[in-house]
Amino acid sequence: MRGRHGGFGRGFADAFEEGFGDGMGRGGRGGGRRRVFDGAELRLILLTLIGEQPRHGYDLIKAIEERSGGAYAPSPGVVYPTITMLEDMGHIAEQAAEGSKRLFAITDAGKQEIGEQAELIEALFARLTALGEQRGDEDRSPVKRAMVNLAMALRSRMTRGDRNPDLAHDIAALLDETARKIERL
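Note that the coordinates shown come from a computational prediction; the quantities given were computed from them, not determined experimentally.

Rules used throughout
Residues numbered from 1 in each chain as written. Predicted model: local features only at pLDDT ≥ 70, side-chain atom pairs only at ≥ 80, totals over all residues. Heavy atoms only, no water. Helix = DSSP H or I, 4+ residues; strand = E, 2+ residues; numbered from the N terminus. Buried < 20%, exposed > 50% of the residue type's maximum accessible area, 1.4 Å probe, protein only. Contact = heavy atoms within 4.5 Å. Areas by Shrake-Rupley, 256 points an atom, 1.4 Å probe, with all protein chains shown as cover. Axes fitted to C-alpha atoms, helices over the stretch in contact; angles between N-to-C directions. Parallel < 35°, antiparallel > 145°, perpendicular 65-115°, else oblique. Left-handed = near helix turned anticlockwise from the far one by under 90°. Nonpolar A, V, L, I, M, F, W, Y, C, P; charged D, E, K, R; others polar. Arc of directions from axis to C-beta. Salt bridge = Lys/Arg side-chain N within 4 Å of Asp/Glu carboxyl O. Polar contact = N/O pair within 3.5 Å; in protein donor to acceptor, adjacent residues only side chain to side chain.

Asker: Any details on the overall build of the protein chain? Residues and values, ideally.
Answerer: Helices and strands together make up the secondary structure of the protein chain, namely 8 helices and 2 strands. Shown N-terminal to C-terminal, the secondary structure of the protein chain runs as helices and strands in the order α-α-α-α-β-β-α-α-α-α. Counting across all 185 residues of the protein chain, residues that qualify as buried make up 29%. Within the protein chain, contacts between residues separated by at least 24 positions form 52% of all contacts whose residues are at least 6 apart in sequence. Total accessible area on the protein chain stands at roughly 11,900 Å², and carbon and sulfur atoms take up 52% of it.

Asker: Residues and numbers for the packing of helix α3 (residues 57-67) against helix α4 (residues 76-88), please.
Answerer: For the pair α3 and α4, interaxial distance at closest approach is 10 Å and the crossing angle is 120°. Classified by the interaxial angle, the pair formed by α3 and α4 is oblique. Along this stretch, α3 crosses α4, giving a crossing that reads as right-handed. Here G57, Y58, L60 and I61 of α3 lie close against α4, whose contacting residues are P76, V79, Y80 and I83. When its residues are assigned to classes, the contact of α3 with α4 shows 7 nonpolar, 1 polar and no charged.

Asker: Please set out α3 residue by residue, giving values where relevant.
Answerer: Taken together, the buried positions of α3 are occupied by G57, L60, I61, A63 and I64. Buried positions in α3, seen along its axis, are confined to an arc of 165° and lie on one side of it. Backbone geometry just downstream of α3 places G69 in the positive-phi region, at approximately 65°.

Asker: Give a detailed account of the pattern of salt bridges, specifying residues and quantitative values.
Answerer: Overall, the coordinates contain 8 salt bridges when judged by the stated rule. Put simply, E41 and R127 hold a salt bridge, and the shortest N to O gap is 3.1 Å. A residue pair is termed long-range when its members are at least 10 positions apart, and E41 in helix α2 (residues 39-52) and R127 in helix α6 (residues 118-138) qualify at 86 residues. Overall, R127 belongs to the partly exposed group, its relative accessible area being 33%. Of the charged contacts, one joins R43 and E113 as a salt bridge, the two residues approaching to 3.7 Å between their closest N and O atoms. With R43 in helix α2 and E113 in helix α5 (residues 108-116), the pair connects residues that are 70 residues apart, well separated along the chain. On the basis of relative accessibility, which here comes to 13%, the residue R43 falls in the buried class. Judged by relative accessible area, which is 14%, E113 ranks as buried. Salt bridges sharing partners connect three or more residues here, namely E52, R55 and R67.

Asker: Tell me about the side chain of H91, and please be specific about residues and values.
Answerer: In this fold, H91 is placed in the loop between α4 and β1 (92-95). According to the relative accessible area criterion, H91 is buried, its value standing at 8%. For H91, the residues in contact, after removing those within four places along its chain, are R43, L47, L86, A105, I106, T107, A109, G110 and E113.

Asker: Describe in detail the side chain of R55, supporting the description with residues and values.
Answerer: Tracing the backbone shows R55 in the loop between α2 and α3. Of the polar contacts made by the side chain of R55, one reaches the backbone oxygen of L49; its length is 2.9 Å. Ignoring any residue separated from it by four or fewer positions in sequence, one finds R55 in contact with L49, I50, L60, A63, R102, L103 and F104.

Asker: Outline the packing of α2 against α5, listing residues and values.
Answerer: Direction vectors running N to C along α2 and α5 enclose 120°, while the axes themselves pass 10 Å from each other. When the interaxial angle is binned, α2 and α5 end up oblique. At the point where α2 passes α5, the crossing takes the left-handed sense. Along the contact surface, α2 presents R43, L44, L47 and T48, while α5 presents G110, E113 and I114.

This is the structure we're talking about:
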């Protein structure tokens, strides 16, 4: 079965994808991902962080990434429009800043919103922390990277025109040997 998987069919990609998902296989990079926080949740997280201290967009992205232990960093394409929304709602206001970065501080209306949503905000930050803990327990990114490299090497080698009759058997023997070594770890 040839096609978008370089002649290996879905079974090959499915075997690699099982337990490793996160953007591999179906839908391409990130195609199957769902958002970590919806728009209203991210708005509350950003507002709370700005309430802790005046910040600019990049500071907010880094603060979220740090609180999630590196497991999640919202994209600028989501953060900056949310900052604009918070400003339009009167929950934050631009402060005088050095350089070209826009610095924002919380307003009284923003503080009131944080007070009204305190329980939800606490749960959102607990989710951020849990993301980091989960990543620490299950960080498979080096394995995912190696699997993608292997898939690309196999696809490239198996589709080249200079195949010898024993190529498939030689590759299968290497893969079987590697599988046995992994099982013994």
